[in-house]
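# Observations on chain architecture
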Number of protein chains: 2
Amino acid sequence: MRRHNLGTILTEVHRHGHRSRALLTAEMGLNRSTIGDLVAELTEAGLVLQRSASAQGRAGRPSLEVVPFPEGVYVLAVDLGVRHLAVARVGLGGDVLDRVDVEPERDWSDLDVTVEAIADTCDRLRRAAPSGARCVGVGLSVPGVVRHEDGLLRFAPNLGWTDVPFGARLGERLDLPAVIANDADLGALAEHWRGAAAGYEHVVVMSGEIGIGGGILVGGRPLRGRGGYAGEIGHLRVNPDGRLCRCGSTGCLETEVGADALLREAGRRPGSGMDAYRDVLAKAAAGERDCVAAAARVANWLGVGVGILVNTFNPDIVILAGPLGELYQATADTVAEAAAQSSLVAPREQVRLAASALGPDAQIVGAAELAFEPLLEDPIGTLSRHAA
Amino acid sequence: MRRHNLGTILTEVHRHGHRSRALLTAEMGLNRSTIGDLVAELTEAGLVLQRSASAQGRAGRPSLEVVPFPEGVYVLAVDLGVRHLAVARVGLGGDVLDRVDVEPERDWSDLDVTVEAIADTCDRLRRAAPSGARCVGVGLSVPGVVRHEDGLLRFAPNLGWTDVPFGARLGERLDLPAVIANDADLGALAEHWRGAAAGYEHVVVMSGEIGIGGGILVGGRPLRGRGGYAGEIGHLRVNPDGRLCRCGSTGCLETEVGADALLREAGRRPGSGMDAYRDVLAKAAAGERDCVAAAARVANWLGVGVGILVNTFNPDIVILAGPLGELYQATADTVAEAAAQSSLVAPREQVRLAASALGPDAQIVGAAELAFEPLLEDPIGTLSRHAA
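Residues numbered from 1 in each chain as written. Chains lettered and ligands numbered in written order. Predicted model: local features only at pLDDT ≥ 70, side-chain atom pairs only at ≥ 80, totals over all residues. Heavy atoms only, no water.

## Re the side chain of E65(B)
Residue and element names in this part refer to chain B. This is how the line gets drawn: A helix here means a DSSP run of H or I that spans at least four residues, while a strand means a run of E at least two residues long, and both kinds are numbered starting from the N terminus. Burial classes follow relative accessibility: with a 1.4 Å probe on protein chains only, a residue under 20% of its type's maximum area counts as buried, one over 50% as exposed, and anything between as partly exposed. Any pair of residues with heavy atoms lying within 4.5 Å of one another is described as a contacting pair.
By secondary structure assignment, the location of E65 is in strand β3 (residues 64–68). Take E65: its relative accessible area is 13%, and that puts it in the buried class. Those residues in contact with E65 that sit more than four places away from it in its chain are H18, R19, S20, L49, Q50, R51 and A53.

## Notes on unusual backbone geometry
One non-glycine residue, D175(A), lies in positive phi territory at about 55 degrees. Structurally, D175(A) can be placed in the loop between α5 (166–174) and β11 (178–182).

## Some words on the pairing of strand β4 (residues 73–80) of chain B
Residues and elements named next belong to chain B. Note the following rule: Here, any two strands with at least 2 DSSP bridges between them count as paired.
The buried count for β4 comes to eight of eight residues, which makes it a mostly enclosed element. Residues of β4 alternate between two faces, with V73, V75, A77 and D79 on one and Y74, L76, V78 and L80 on the opposite face, all of them buried. Taken together, the six bridges between β4 and strand β7 (residues 134–142) define a ladder with parallel strand orientation. Each bridged residue has a counterpart across the sheet, and for D79 the counterpart in β7 is S141. Alignment of β4 against strand β5 (residues 85–91), held across seven bridges, turns out to be antiparallel. Opposite V78, over in β5, you have V87 as the bridge partner. Hairpin connection, β4 to β5: the antiparallel pair is bridged by four residues.

## Considering the interface of chain A and chain B
Note the cut-off: When two parts are put together, the accessible area they lose, computed with a 1.4 Å probe and summed over both, is reported as buried area. Salt bridge criterion: a side-chain nitrogen from Lys or Arg within 4 Å of a carboxyl oxygen from Asp or Glu. Any pair of N or O atoms that falls within 3.5 Å is considered a polar contact. Within protein, one atom must be able to donate a hydrogen and the other to accept it, and sequence-neighbouring residues count only if both atoms are side-chain atoms. Only Asp, Glu, Lys and Arg are considered charged, only Ala, Val, Leu, Ile, Met, Phe, Trp, Tyr, Cys and Pro nonpolar, and every remaining residue, Gly among them, polar.
Contact with chain A, which involves 34 residues of that partner, is made by 34 residues of chain B. For the chain A and chain B pair, buried surface summed over both sides reaches about 2,900 Å², with 60% attributable to carbon and sulfur atoms. A salt bridge links R226(A) to D316(B); its shortest N-O distance comes to 3.5 Å. Our count for the contact surface shared by chain A and chain B stands at 18 residue pairs in polar contact (both at pLDDT 80 or more). Top contributing element to the side of chain A that touches chain B by residue count: helix α10 (residues 289–313) of chain A, with five residues. Taken together, the residues of the side of chain A that touches chain B sort by class into 16 nonpolar, 13 polar and five charged.

## Focus on the relation of the copies chain A and chain B
Quick note on the threshold: The copies are overlaid by a least-squares fit using only the C-alpha atoms of residues whose pLDDT is at least 70 in both copies.
Relative to chain B, chain A is turned by 180 degrees and slid 0.0 Å along the rotation axis, the superposed coordinates differing by an RMSD of 0.0 Å. Those values place the two copies in the arrangement expected of a two-fold rotation axis. For chain A, the minimum C-alpha distance to the rotation axis belongs to P240(A) and amounts to 2.0 Å. The share of interface residues of chain A whose copies in chain B are also at the interface is 100%, consistent with both copies meeting through the same surface.

## Considering the pattern of salt bridges
Applying the stated criterion across every chain yields a total of 46 salt bridges over all chains. Ionic pairing is found between R194(A) and E369(A), a salt bridge with its closest N-O pair at 2.7 Å. Placement of R194(A) in helix α6 (residues 183–194) and of E369(A) in helix α13 (residues 362–377) is noted, with a sequence separation of 175 residues between them. Judged by relative accessible area, which is 2%, E369(A) ranks as buried. Close ionic contact of R51(B) with E65(B) constitutes a salt bridge, the shortest N to O distance being 3.0 Å. A residue pair is termed long-range when its members are at least 10 positions apart, and R51(B) in strand β2 (residues 48–52) and E65(B) in strand β3 qualify at 14 residues. Taken together, the salt bridges that share partners define one network made up of E116(A), D120(A), D123(A) and R173(A).

## Overview of the sheet that holds strand β7 (residues 134–142) of chain A
All names here are of chain A. Note the cut-off: Axis lines are fitted to C-alpha atoms, over the contacting stretch for helices. Their N-to-C directions set the angle, which ranges from 0 to 180 degrees.
Pairing in this open sheet of five strands is mixed, and the strands run β6-β5-β4-β7-β11 from one edge to the other. The outermost strands of the open sheet, each flanked by one partner alone, are β6 (96–102) and β11. Mean inter-strand twist for the sheet, computed between neighbouring axes without regard to direction, equals 15 degrees. Against the sheet, α13 makes contact with β4 (73–80), β5 (85–91), β6, β7 and β11, and its axis sits at roughly 140 degrees relative to β4, the strand it touches most.

## Some details on the packing of aromatic side chains
Keep this limit in mind: For this analysis, a ring pair means two rings from Phe, Tyr or Trp (six-membered ring only for Trp) whose centres lie within 6.5 Å, classed as stacked if their planes differ by under 30 degrees, edge-to-face if by over 60, and tilted for the remaining angles.
Applying the stated rule across the entire model yields five aromatic pairs over all chains. For the ring pair F313(A) and F313(B), a centre distance of 5.1 Å and an interplane angle of 40 degrees mean the geometry is tilted. Residue F313(A) is located in helix α10, and its partner F313(B) is located in helix α10 (residues 289–313); the two belong to separate chains. Accessibility assignment for this pair places F313(A) and F313(B) in one class, buried.

## Side note on the nonpolar core
Buried together is how nonpolar side chains tend to be arranged in soluble globular proteins. Quick note on the threshold: Nonpolar cores were defined as sets of buried Ala, Val, Leu, Ile, Met, Phe, Trp, Tyr and Cys residues, with membership established by side-chain atoms within 4.5 Å.
Of all hydrophobic cores here, the largest spans 92 residues; its most connected members are M206(A), L302(A), V306(A), M206(B), L302(B) and V306(B). In this view, M206(B) contacts G213(B), I233(B), L253(B), L302(B), G305(B), V306(B), L309(B), V318(B), I319(B), L320(B), A321(B) and L324(B); residues no more than four positions away in its chain are not counted.

## Points about the domain arrangement of chain A
Residues and elements named next belong to chain A. Selection criterion: Residue ranges labeled as domains rest on an automatic or database domain assignment.
When its domains are assigned, chain A resolves into domain 1 (2–68), domain 2 (73–187 + 362–384) and domain 3 (198–357). Taking the mean C-alpha position of each, domain 1 and domain 2 sit 30 Å from one another. Domain 1 puts 13 residues into the contact, and the matching count from domain 2 is 14 residues. Buried area between domain 1 and domain 2, summed over both chains or domains, comes out near 1,200 Å², and the portion from carbon and sulfur atoms is 66%. R15 is the salt-bridge partner of E369, the closest N and O atoms lying 3.2 Å from each other. Elements with a minimum of two residues in the side of domain 1 that touches domain 2: α1 (2–16) and α3 (32–44). Considering each element in turn, the side of domain 1 that touches domain 2 owes the most residues, seven residues, to α1. Of the residues contributing to the side of domain 1 that touches domain 2, the split by class is six nonpolar, four polar and three charged.

## Side note on the packing of helix α9 (residues 273–285) of chain A against helix α11 (residues 323–341) of chain A
Residues and elements named next belong to chain A. Where we set the bar: We call two directions roughly parallel when the angle between them is under 35 degrees, roughly antiparallel when it is over 145, roughly perpendicular when it lies between 65 and 115, and oblique otherwise.
As a packed pair, α9 and α11 sit with axes 10 Å apart at the nearest point and diverge in direction by 10 degrees. It follows that α9 is roughly parallel to α11 by the angle criterion. Together, M274, Y277, R278 and L281 of α9 and P323, L324, E326, L327 and A330 of α11 make up the contact between the two elements. Across the contact of α9 with α11, the residue classes break down as seven nonpolar, no polar and two charged.

## Comments concerning the packing of α1(A) against α13(A)
Residues and elements named next belong to chain A. Where α1 meets α13, the closest approach of the two axes is 8 Å, and the angle between their N-to-C directions is 145 degrees. Along the contact surface, α1 presents R3, G7, L10, T11, H14 and R15, while α13 presents E369, F372, L375, L376 and E377. Its residues assigned to classes, the contact of α1 with α13 comprises four nonpolar, three polar and four charged.

## As for the pairing of strand β10 (residues 161–164) of chain A
Each regular strand displays side chains that alternate between the two surfaces of the sheet. All names here are of chain A. Across three bridges, strand β9 (residues 153–156) lies against β10 in antiparallel orientation. When the bridges of β10 are listed, A156 appears paired with W161. The hairpin formed by β9 and β10 contains four residues between the paired strands, and G160 there has a positive phi angle of roughly 80 degrees.

Structure (structure tokens):
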């Protein structure tokens, strides 16, 4: 019970960044001295600080506010992509305190090389951490199917991996508890925990640069399906007259709204990358006619895809992430109109559209949250397993 | 605890039709005399019978088998559709003991008239029940959105209803506890409890004659979304060159695989009904060329739709129900091939396709299961509220 209460307080402080003792007392239904006692234990453990908050009323006694101790504990968060690797040190409270982006376009097909590259980067971040700060775990985001029960990476076609104990290997190398999850699931969870989907239970995140993927939350939990493959929405067919897709069909979401679609529509070379993509969007924003028209055409098919997902999932919110988020910010009305035309009235009236609030940090944020989970469940017990 | 154990035994007997005392003892981890005692209480309450089962081995003592008492308790199950009304008396164990189908094409726009028509039919079935049999509830399946918390029927566009306390009204009229749920959700749950999806947690049921709907289970629970509208899959676009749909798009699942699509492809008059539909399928089975080709074309688009749902949900099983089930039985290979071509390898390898095992009884079976739930949770307490 005490463990549970300590966990609840630490979770509140972690999620919200700060929490007054008065609010914790009210929320948890405990008396003031019990809360004071619990907060004192967390303070002594080096997890939180107490500071005086400005009083709400003139006459009131200023309430004490509880905040994460910035140099107390942290986790390492790893975002491994087909073309990128980012490793961050994330403090209790969720702030990214330090971050390293490893050069892109590396070949991750050799597991040993990849584990070592990540571990080296983790070591660098740990050495740069303030002395006394304790690392309590590492969270990994991977572009593949993860077996939920034991974290085995089942299948990562774009990395060329099948059935590798990736998390376990990295955890052993670093001597840290390691947790691993699918990048799309983590992206959706991150938006739910700290982003555009905060407070929403039914969430669809559409993302991806070339392949289009979906991170879907049903009742606050990732939709995984039987084997973890759910959310493959890239081959929803949106454009009856669209291009031939690598899947053999035509007019898939992937061919019609991927980054190359916008480049092609604007007369640019497909594959010329995100700078060219952003250039088209910037020129569209500046009113350059060809780019305006190109963005509108792609935005239309994106909206059709959104509409299909609205009908299928009746979500609270559909979040556009990555290049799709940038496109959405430039063409929100067009996307919304096309989505409205291809969805039914009732679910349409209940949905919000939004660009990702976390952007490219979503996987880092999600991986960090995963890594913090044991600490938030049992603060003192978890800490006792990690010496400074 | 005792209540829980009584409920567990009754649920096992209800779901499986019979259960040996030896098996119950093993499954529940209780000792034999406790099981004997619990079964005796259920027997005395008129819920179950014990009978001698054939011994498994020659030397073994024959185990006693527990079965539902057929004239003990029953529920009423109502399947209200746009064009039909069926009411059934369903016994503990799940057998449909009696059933009345009210004439089709009635106008259900007046709530009072509808409640009275259903209640009259229920009264008839109750009068025809064996004396001493106790009715413990009524379950309703409706083509509309039901608010899960209190059973308010939010929205049934095809009945013309908005926010009607339909279940509560019928319950009052019949002086019975009434539970109400969406027909697609109940169809999927029924297949999960007693049909083709038994043992599966991730289930997609595609059904519908004109509009195409989806009943989707995620982790064994209906996918409802924010407001209960999830599963509107009729406007997934499958045929790039398809017909104009009433939704304004072209080539939707609804226009390409609804009953009229087959009739049209076979040169029959759309709207000529299920007899004409079955005639086309029968002629296709007999090798009549035009009908074979018509069925294959529609089966292809059905398969494309299945493939999209396989990618999106990674289900254990996709069940084709209603006219789609009849089409599938006639064209299984074509549907499977098209589904394979429009889905990714990993989820495709994990999915089964099947025709509905319950057919048009799915909603009756589902509604009956709902109505039995309180009895299965607390057999003696529930029974004490229902005099013979």
